[in-house]
Amino acid sequence: MKVCLPYSRKKRYLTGIDWVVLTLNQMTRRAGYPGNSSQIVLELAGGFSVDRFQSSIRDFCALFPLLYGRPARCWNLAPYWRAPSSTAREKPPRVEVHYLPENASRDDVMDVLTKAVNAPFLSPRDHLAFHVVFAGQAKCFLGMTFDHGLLDAGGAETFLDLFQSWQSQTGFEERYRQIAFTEPAHLCNWRRRFDAGRGVGNLMRALSHSKPCSLPLPSGSNSFRFRLIHFSSEESAAILDAAEREAGYLLLTPYLLSRFIYHLQAVFKARQALAPEHLISVSVDHRTAEAAARDVFFNHMSFLFFRVPSGIADDHDRVIHILKQQMYEQAKSRFSHNLADASMLMRILPLSVFSHLRQVVLKGNFATFGFSAIGSCSFTSPRFMDADVLNLFHMPLIPVPPGLGFIVTRYGDRLNAAIPYLDGMLTREEADGLARQVRESLVAGSGH
C-alpha cells in the first residue's frame, strides 16, 4: 500500500541532501569555523560601472524571493524554505567595492577575495554578497559569495549566467519560466528509502572503522586560505587527453585524485603522520542536461567515498585502478542516488541532532580531504556587464573536518583548480609546494 502524506504544492520543501548541507554548515559554525559557503570569481578584462551593477543586481535579485528565505518546519514536519511573498521590503545583497593601487599584484587581489569568502553573512536570511576588486585599468575581479544551503556550485554559475542574460536582454524570460521555485515534500516511497538506507548503512559502517590520514585542525584558526592553479587552454586539453588515456573515457576524477593524493602523501610523510588510508569525500552533480535550466536553486548533488591505502599512494597506476574499481562499484550499486534517497528520512531530525548523529556514526573521521570536479561550466557568456570574461574559478570553503579540499572547475576550454585549507593546517611552504607540484605533475603527465 502506497502512503503519501499531504503537503503544500506552493512550498519549496528541502530535500535530504539540502538537509545534509545545512547540517554540515551548522557543524562547522558551531565548531568556530566559517560556514559552508563558497565564492565564484569572474576575472574581467577592464572594468564596468559599479553604480549600474549595484542597481542591476538589486532589481535582478528582487525577482527571486527565495534569496531572502530561511529553513522552517511545515505542519507535516517536513523542512521547507520559508521565503517572503514579496521582496519589496527586503534589502538587496551587499556589494562592496575595493580599489587597489595600479601596481597591485594578483596576490593582493586574492587576499581581498579570501577575506570576502571568509566573512560571515550578516543574517540568517542573507545568502549572497558581491565584491568588486579594481587593481588598475586593466584588472577587475568580481567575487560572488553564496550560501551553499541555497545554491550549489552549478546553480551559482547558472545564477550568474541568468543575470547576464537578464542584463543583456537575451532570452531571460523563457529561462525564468523554466526555473523550479517549488519542490514536493517527498513524503512517500518509504519502502524504497528504507531499502536505500540499508545499502548506504553498509558503507557508512565500514567508514566508521576507517583510520584515514588527516591533518590536525589548527587551534585558534577560523578562516580558510587558498592556493589557486590555472591552466591554459592548451594545457587543459592535454590534461584531459592524458586523463582519458590513463584512466579511461570520462574518468577525469580518478586521474586528478591520483595526482593529488601522491603529492599530499609527501606532506604526511614529512610530518611522520601517515595513517592506514586516505579517505576522500567526492561530491557529484545529479543534474541531467534537461534539468539544468530548472534546478538552479538548492543542492542537486550527492556524494561518493573513495579509500586508498596509504601504502600504495605513491603508485600512480595502482591508485587509478583502485579508484576506477570503487567508482564502478558505487555506480553499479547507485550509492550516490541511494544516499540522496535515504537522507530524505533524516529530515525529521533537527539539525543539531543530525549533526551529532553524523559525528557519532563516523567518529569524526569524515575524510582526508574533500574533492569535486565540475564537468562543465554553467556560466557560458563571454561577457559580464561591459567587460570580456577572461576566466571563472571557484574559492569554496570546506566543511570542518576535514578542512582541506581539492576542487577542479572549468570555464570554456580552461581548467582551474583550488586547494582550500584552514589557515594553519598547512604551512605556507607546504601549501606553495603542494600547489606547485600538483600543477607540474598534471602538466608533465599530459606531455605538454
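One can find the structure itself at the top, above this paragraph.
Values in this document were obtained by computation on a predicted structure and should not be read as measured data.

A.B. asks: Looking at this structure, how should I read the packing of aromatic side chains?
C.D. replies: The geometry of an aromatic ring pair is captured by the separation of the ring centres together with the interplanar angle, meaning the angle of the planes. Applying the stated rule across the entire model yields 31 aromatic pairs. The ring of Tyr7 has Arg9 sitting right over it, with the charged end atom 4.8 Å from the ring centre. Cation over ring: Lys11 sits above Tyr80, and NZ or CZ is 4.9 Å from the ring centre.

A.B. asks: Is there a simple way to think about the side chain of Asp152 in this case?
C.D. replies: Here Asp152 is to be found in the loop between strand E6 (139-147) and helix H4 (153-168). A polar contact of 2.8 Å, which involves the side chain of Asp152, links it to the backbone nitrogen of Gly155. Of the polar contacts made by the side chain of Asp152, one reaches the backbone nitrogen of His300; its length is 3.0 Å. When sequence neighbours within four positions are dropped, the list of residues in contact with Asp152 reads Phe146, Arg287, Phe298, Asn299, His300 and Met301.

A.B. asks: Help me understand the pairing of strand E4 (residues 94-100) in this model?
C.D. replies: Side-chain direction in a regular strand flips from residue to residue, so the side chains alternate between the two faces of the sheet. Sheet topology note: the E4/strand E5 (residues 128-135) ladder contains 7 bridges and is parallel. Bridging across to E5, Val97 finds its partner in Val132.

A.B. asks: Mind showing me how you'd approach unusual backbone geometry here?
C.D. replies: Trans peptide bonds make up the majority, and among non-glycine residues the majority have a negative phi. For the peptide bond that leads from Val400 to Pro401, omega is -10 degrees, which places it in the cis range. Structurally, the position occupied by Pro401 is in the loop between strand E12 (387-394) and strand E13 (405-411). At the junction of Pro401 and Pro402, the peptide bond is cis and its omega measures out at 10 degrees in the coordinates. You can see Pro402 is positioned in the loop between E12 and E13. Its identity as a non-glycine residue notwithstanding, Asn189 has a phi of 55 degrees, on the positive side. Judged by its relative accessible area of 28%, Asn189 falls in the partly exposed class.

A.B. asks: Explain the nonpolar core to me, please; I cannot follow it from the model alone.
C.D. replies: A general tendency of soluble globular proteins is for nonpolar side chains to be buried together. In terms of nonpolar packing, the biggest core is built from 132 residues, with Phe53, Phe297, Phe369, Phe384 and Phe406 touching the most fellow members. At 9 residues, the largest contribution of residues to this core is made by helix H8 (residues 252-271). Dropping the residues within four chain positions of it, Phe369 is found in contact with Leu257, Phe260, Ile261, Leu264, Leu279, Ile280, Ser281, Pro402, Leu404, Gly405 and Phe406.

Calculation rules
- Residues numbered from 1 in each chain as written.
- Predicted model: local features only at pLDDT ≥ 70, side-chain atom pairs only at ≥ 80, totals over all residues.
- Heavy atoms only, no water.
- Phe/Tyr/Trp six-rings, centres within 6.5 Å; stacked < 30°, edge-to-face > 60°.
- Lys NZ or Arg CZ within 6 Å of the ring centre and 35° of its normal.
- Helix = DSSP H or I, 4+ residues; strand = E, 2+ residues; numbered from the N terminus.
- Polar contact = N/O pair within 3.5 Å; in protein donor to acceptor, adjacent residues only side chain to side chain.
- Contact = heavy atoms within 4.5 Å.
- Pairing = 2+ DSSP bridges.
- Buried < 20%, exposed > 50% of the residue type's maximum accessible area, 1.4 Å probe, protein only.
- Core = buried A, V, L, I, M, F, W, Y, C linked by side-chain atoms within 4.5 Å.

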